[in-house]
Amino acid sequence: MQHPLLSVVLIASLAMGATAAIAKPDKNGELPPGLQKKAERGGELPPGWKKKLVRGHVLEDSIYSHAVIVQPVDRHGLITVRIEGELVRLVNATHEIVDILSH
(Lines give C-alpha, C1' and ligand atoms only; values in the text may rest on other atoms or scores of the structure.)
Protein backbone atom coordinates (compact mmCIF):
# COMPACT_ATOMS: atom_id res chain seq x y z
CA MET A 1 0.00 0.00 0.00
CA GLN A 2 2.80 2.45 0.74
CA HIS A 3 4.48 1.71 -2.56
CA PRO A 4 1.87 3.52 -4.75
CA LEU A 5 1.94 6.50 -2.39
CA LEU A 6 5.71 6.65 -2.66
CA SER A 7 5.40 6.61 -6.46
CA VAL A 8 2.96 9.53 -6.40
CA VAL A 9 5.26 11.58 -4.16
CA LEU A 10 8.26 10.78 -6.35
CA ILE A 11 6.42 11.76 -9.54
CA ALA A 12 5.17 14.99 -7.98
CA SER A 13 8.65 15.96 -6.80
CA LEU A 14 10.13 15.22 -10.25
CA ALA A 15 7.43 17.29 -11.92
CA MET A 16 8.19 20.28 -9.70
CA GLY A 17 11.88 19.98 -10.50
CA ALA A 18 11.12 19.85 -14.22
CA THR A 19 9.11 23.06 -14.13
CA ALA A 20 11.96 24.86 -12.44
CA ALA A 21 14.33 23.71 -15.17
CA ILE A 22 12.18 25.12 -17.98
CA ALA A 23 11.24 28.37 -16.27
CA LYS A 24 11.70 31.47 -18.43
CA PRO A 25 14.15 34.17 -17.33
CA ASP A 26 13.01 37.55 -16.08
CA LYS A 27 11.67 39.88 -18.77
CA ASN A 28 14.35 42.50 -18.17
CA GLY A 29 15.94 42.19 -21.61
CA GLU A 30 18.73 39.89 -20.48
CA LEU A 31 19.58 36.64 -22.20
CA PRO A 32 19.65 33.48 -20.09
CA PRO A 33 23.14 32.92 -18.60
CA GLY A 34 24.16 30.19 -21.08
CA LEU A 35 23.15 32.24 -24.11
CA GLN A 36 24.78 35.34 -22.64
CA LYS A 37 28.10 33.47 -22.35
CA LYS A 38 27.75 32.23 -25.93
CA ALA A 39 27.03 35.75 -27.14
CA GLU A 40 30.03 37.15 -25.24
CA ARG A 41 32.27 34.60 -26.98
CA GLY A 42 31.04 35.82 -30.36
CA GLY A 43 28.35 33.21 -30.88
CA GLU A 44 25.20 33.92 -32.83
CA LEU A 45 22.06 35.32 -31.31
CA PRO A 46 19.36 32.78 -30.50
CA PRO A 47 16.71 32.08 -33.14
CA GLY A 48 13.68 34.29 -32.77
CA TRP A 49 15.53 37.48 -31.91
CA LYS A 50 14.35 39.01 -35.21
CA LYS A 51 10.78 38.82 -33.92
CA LYS A 52 11.79 41.49 -31.41
CA LEU A 53 12.56 43.96 -34.21
CA VAL A 54 9.39 46.03 -34.11
CA ARG A 55 9.09 49.76 -34.79
CA GLY A 56 8.53 51.65 -31.57
CA HIS A 57 10.03 48.94 -29.33
CA VAL A 58 13.32 49.38 -27.52
CA LEU A 59 16.10 47.10 -28.74
CA GLU A 60 17.41 44.94 -25.90
CA ASP A 61 20.99 45.55 -24.78
CA SER A 62 21.87 41.90 -25.37
CA ILE A 63 20.89 42.26 -29.03
CA TYR A 64 22.38 45.76 -29.42
CA SER A 65 25.74 44.40 -28.23
CA HIS A 66 25.92 42.45 -31.52
CA ALA A 67 25.31 45.57 -33.62
CA VAL A 68 27.83 47.09 -36.00
CA ILE A 69 27.44 50.82 -36.63
CA VAL A 70 26.74 51.45 -40.32
CA GLN A 71 25.90 55.14 -40.07
CA PRO A 72 26.96 57.13 -37.00
CA VAL A 73 24.62 59.35 -35.03
CA ASP A 74 23.10 62.04 -37.22
CA ARG A 75 21.85 65.50 -36.24
CA HIS A 76 18.48 64.00 -35.27
CA GLY A 77 20.10 61.60 -32.80
CA LEU A 78 19.50 58.53 -34.98
CA ILE A 79 21.99 55.75 -35.62
CA THR A 80 21.86 52.96 -38.19
CA VAL A 81 23.25 49.57 -37.20
CA ARG A 82 23.58 46.14 -38.77
CA ILE A 83 22.69 43.17 -36.58
CA GLU A 84 23.50 39.86 -38.25
CA GLY A 85 22.44 41.14 -41.67
CA GLU A 86 19.49 43.28 -40.57
CA LEU A 87 19.70 47.08 -40.92
CA VAL A 88 17.95 48.94 -38.12
CA ARG A 89 17.65 52.68 -37.45
CA LEU A 90 17.49 53.56 -33.75
CA VAL A 91 17.26 56.54 -31.46
CA ASN A 92 20.83 56.51 -30.16
CA ALA A 93 19.99 57.59 -26.61
CA THR A 94 17.23 55.04 -25.95
CA HIS A 95 17.75 52.35 -28.63
CA GLU A 96 14.11 52.74 -29.65
CA ILE A 97 13.58 51.23 -33.10
CA VAL A 98 12.58 53.95 -35.57
CA ASP A 99 12.76 51.93 -38.77
CA ILE A 100 13.74 48.48 -40.00
CA LEU A 101 15.50 48.91 -43.32
CA SER A 102 15.80 45.21 -44.16
CA HIS A 103 13.69 42.31 -42.96
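Further up the page is the structure itself.
Residues numbered from 1 in each chain as written. Predicted model: local features only at pLDDT ≥ 70, side-chain atom pairs only at ≥ 80, totals over all residues. Heavy atoms only, no water.

Our focus in this paragraph is the sheet that holds strand β3 (residues 86–91). Strand order in the open sheet formed by four strands is β1-β2-β3-β4, and the pairing between neighbours is antiparallel. Edge positions in the open sheet fall to β1 (68–71) and β4 (97–100), since each of these has one partner strand only. Sheet twist, expressed as the mean angle between neighbouring strand axes with direction ignored, is 35°. Inspection of the sheet shows β3 paired to β4 by three bridges, in the antiparallel sense. Each bridged residue has a counterpart across the sheet, and for L90 the counterpart in β4 is I97. (Pairing = 2+ DSSP bridges. Helix = DSSP H or I, 4+ residues; strand = E, 2+ residues; numbered from the N terminus. Axes fitted to C-alpha atoms, helices over the stretch in contact; angles between N-to-C directions.)

The buried count for strand β2 (residues 78–83) comes to five of six residues, which makes it a mostly enclosed element. Relative to β2, β1 runs antiparallel, the two being bridged by three bridges. Across the sheet, the residue bridging to Q71 is T80, located in β2. Linking two consecutive strands that pair antiparallel, namely β1 and β2, is a turn of six residues; a positive phi of about 80° is found at G77 within it. Relative to β3, β2 is paired through six bridges, and the arrangement is antiparallel. Within β3, the residue paired with I83 across the bridge is E86. (Buried < 20%, exposed > 50% of the residue type's maximum accessible area, 1.4 Å probe, protein only.)

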